[in-house]
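Each chain is listed here by its residues.
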Amino acid sequence: MSGVDVKLVLRSTRVVTPEGTRAAAVLVADGAIEAVLPYETEVPEGARLEDFGDDVLLPGLVDTHVHVNDPGRTEWEGFWTATRAAAAGGITTLLDMPLNSLPPTTTVDNLRVKQEVARPKAHIDTGFWGGALPDNVKDLRSLHDAGVFGFKCFLSPSGVEEFPELDQEQLANSLAEIAGFGGLMIVHAEDPHHLASAPQKSGEKYADFLASRPRDAENTAIENLIAQARRLNARIHVLHLSSSDALPLIAAAKAEGVRVSVESCPHFLTLTAEEVPDGATEFKCCPPIREAANQDALWAGLADGTIDCIVSDHSPCTTDLKTPDFASAWGGISSLQLGLPAIWTEARRRGHGLEDVVRWMSAAPAQLAGLSRKGAIEAGRDADFAVLAPDETFTVDPAGLFHRNQVTAYAGKTLHGVVRSTWLRGERIAADGVLAEPTGRLLERNH
């Protein structure tokens, strides 16, 4: 290490690395990991030692599915509040979805507006997805060249008029364009015809809402999407998988060589339809939280690698939009700050370890986005970390959450895993509920 100016050494008896969990000393220089050495390694002269004892040192989480809504709907959420909540929850990198902000991220000019708004407010590193709309195929390549990480589209109505869905012909046109420059399409996959034919009832009964978003809507949309990707040799990613019925389709496509990946979310993996009270629209999301047996199958899909990653789909709104009527209430669950403990609580109950959680919530999302400096504790990566007390518990108090509107489906739940501190490029940005000033950087694809 001659000539390297190591300023910081982080030490723990449990450091989660790509090679496994072990006692180690992590040396940090210039915001990057210089080396991962044995625990007993002597601290270099002039370096500061942070010893976390038996608390676990994890790579900072990477959340590739966050609706920040800024600018335009900042009363729902904003970069300041969202990134603070993320930092408090052990997340060091997020990618912002292109809709629910005004303007949406569907042209280079709109991307620049969003970047300027985000730059002074980001507590963690932040990148951007572009949007694929029926009328913006001409803008996709320029957005790609401007650094977006890929393109989000809907196959059914998005819920906001400025971001319309694609029909199958429009999907094919956008996919062909994106495949032509090697880009990635990420897809909200629910088939509009199945949704239109499902029973639609207003009111407070969760069972009625669940019936209005049937599994067949997801299954058919995913089947059609895979067929398009196969024909065009396009790279696709299925967002927020809820229906476990689609897992065999996805597994078969992967085995065949179709370039498809898939994510699920904490709410699908930790909450069940059976526990949702009538009128409790803090549990409403699209696709919906399904039954316990479906959840078991999703966990099996994680275990066998059919599901690649877990990300939040943090989709907040103001409290007044969460009316007791499931038909009219805004659909979205806020979980940026709680995703790690929620998943860890359920993972440990099912016999999984923190190495699995790190793979699903850090390494795989980083790989999906091509963030080669994120997602692992190894030399050459950014010095992004979360320090977790995995055996400690806490009860979720909405007043203790940093996202703008303290609505959460996890209120009152007792979770395992307390995030002690979060580090971004070797600087502590959150500790025991205290947040530092913003130091996040704006990220572009391949940077």
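Whatever comes next refers back to the structure up there.
As a starting point, this report considers the structure included with it. (Residues numbered from 1 in each chain as written. Predicted model: local features only at pLDDT ≥ 70, side-chain atom pairs only at ≥ 80, totals over all residues. Heavy atoms only, no water.)

## Some remarks on the side chain of Ser315
Reasoning step 1: With respect to the helices, strands and loops of the structure, Ser315 is situated in the loop between strand S14 (309–310) and helix H11 (339–349).
Reasoning step 2: By relative accessible area, which is 7% here, Ser315 ends up buried.
Reasoning step 3: If we skip the residues at most four places from it in the chain, Ser315 touches His67, Asn100, Trp330, Gly331, Gly332, Ile333 and Ser334. (Helix = DSSP H or I, 4+ residues; strand = E, 2+ residues; numbered from the N terminus. Buried < 20%, exposed > 50% of the residue type's maximum accessible area, 1.4 Å probe, protein only. Contact = heavy atoms within 4.5 Å.)

## Looking at the packing of aromatic side chains
Reasoning step 1: Under the defined criterion, the tally for this structure stands at nine aromatic pairs.
Reasoning step 2: Measuring from ring centre to ring centre gives 6.1 Å for Phe52 and Trp423, while their planes differ by 70°; the resulting arrangement is edge-to-face. Of this pair, Phe52 sits in the loop between strand S4 (48–51) and strand S5 (56–59) while Trp423 sits in strand S16 (residues 414–424), placing them 371 residues apart in sequence.
Reasoning step 3: Between Phe154 and Phe163, the aromatic rings sit 5.9 Å apart at their centres with planes inclined by 75°, giving edge-to-face as the arrangement.
Reasoning step 4: Among the aromatic residues, ring-to-ring pairing joins Tyr206, Phe209 and Phe326 into one connected group.
Reasoning step 5: Sitting over the ring of Trp76, Arg73 keeps its end group 5.3 Å from the ring centre. (Phe/Tyr/Trp six-rings, centres within 6.5 Å; stacked < 30°, edge-to-face > 60°. Lys NZ or Arg CZ within 6 Å of the ring centre and 35° of its normal.)

## As for the state of the cysteines
Reasoning step 1: Considering all chains together, one arrives at zero disulfides under this definition.
Reasoning step 2: Not part of a disulfide, Cys265 finds its nearest cysteine sulfur in Cys285, a span of 7.8 Å.
Reasoning step 3: The exposure class of Cys265 is buried, given its relative accessible area of 0%. (Disulfide = S-S within 2.5 Å.)

## Observations concerning the pattern of salt bridges
Reasoning step 1: By the definition in use, this model includes 29 salt bridges.
Reasoning step 2: We note a salt bridge from Lys121 to Asp70, for which the minimum N-O separation is 3.3 Å. With a gap of 51 residues between them, Lys121 in the loop between helix H2 (108–118) and strand S8 (125–128) and Asp70 in the loop between strand S6 (61–66) and helix H1 (79–88) connect regions that are remote in the sequence.
Reasoning step 3: Taking relative accessible area as the criterion, Lys121 reaches 26% and is therefore assigned partly exposed.
Reasoning step 4: Linking Arg349 and Glu346 is a salt bridge whose minimum nitrogen-to-oxygen distance equals 2.6 Å. With a gap of three residues between them, Arg349 and Glu346 both fall in helix H11, about one helical turn apart.
Reasoning step 5: Since its relative accessible area comes to 59%, Arg349 is described here as exposed.
Reasoning step 6: When salt bridges with common partners are traced through the structure, they connect Asp125, Arg373, Lys374, Asp382, Asp384 and Arg425 into a single cluster. (Salt bridge = Lys/Arg side-chain N within 4 Å of Asp/Glu carboxyl O.)

## Quick notes on the sheet that holds strand S9 (residues 130–131)
Strand pairing in a sheet relies on backbone hydrogen bonds, with the paired strands running either antiparallel or parallel.
Reasoning step 1: Here we have six strands laid out as an open sheet, ordered S9-S10-S11-S12-S13-S14, and parallel in their pairing. The open sheet is flanked by S9 and S14, the only strands paired with a single partner.
Reasoning step 2: Alignment of strand S11 (residues 184–188) against strand S12 (residues 235–238), held across four bridges, turns out to be parallel. In the sheet register, Met185 faces S12, and the bridge partner there is Ile236. (Pairing = 2+ DSSP bridges.)

## A closer look at the environment of Val6
Reasoning step 1: Looking at where Val6 falls in the secondary structure, it is placed in the segment before strand S1 (8–17).
Reasoning step 2: Residue classification places Val6 among the buried residues on the basis of a relative accessible area of 4%.
Reasoning step 3: Counting along the chain gives 345 residues from Val6 to Gly351, while the straight-line C-alpha distance between them is 38 Å.
Reasoning step 4: Aside from chain neighbours lying at most four places away, what touches Val6 is Leu27, Val28, Ala29, Glu34, Pro44 and Ala47.

## What about the packing of H11 against helix H12 (residues 354–369)?
Reasoning step 1: Remark: H11 packs on H12, axes separated minimally by 10 Å, with the N-to-C direction vectors making an angle of 135°. Between H11 and H12, the angle falls in the class oblique. The crossing of H11 and H12 is right-handed. Residues Gly339, Leu340, Ile343, Trp344 and Ala347 of H11 form the contact with H12, whose participating residues are Leu354, Val357 and Met361.
Reasoning step 2: Residue composition of the contact of H11 with H12, grouped by class: seven nonpolar, one polar and no charged. (Axes fitted to C-alpha atoms, helices over the stretch in contact; angles between N-to-C directions. Parallel < 35°, antiparallel > 145°, perpendicular 65-115°, else oblique. Left-handed = near helix turned anticlockwise from the far one by under 90°. Nonpolar A, V, L, I, M, F, W, Y, C, P; charged D, E, K, R; others polar.)

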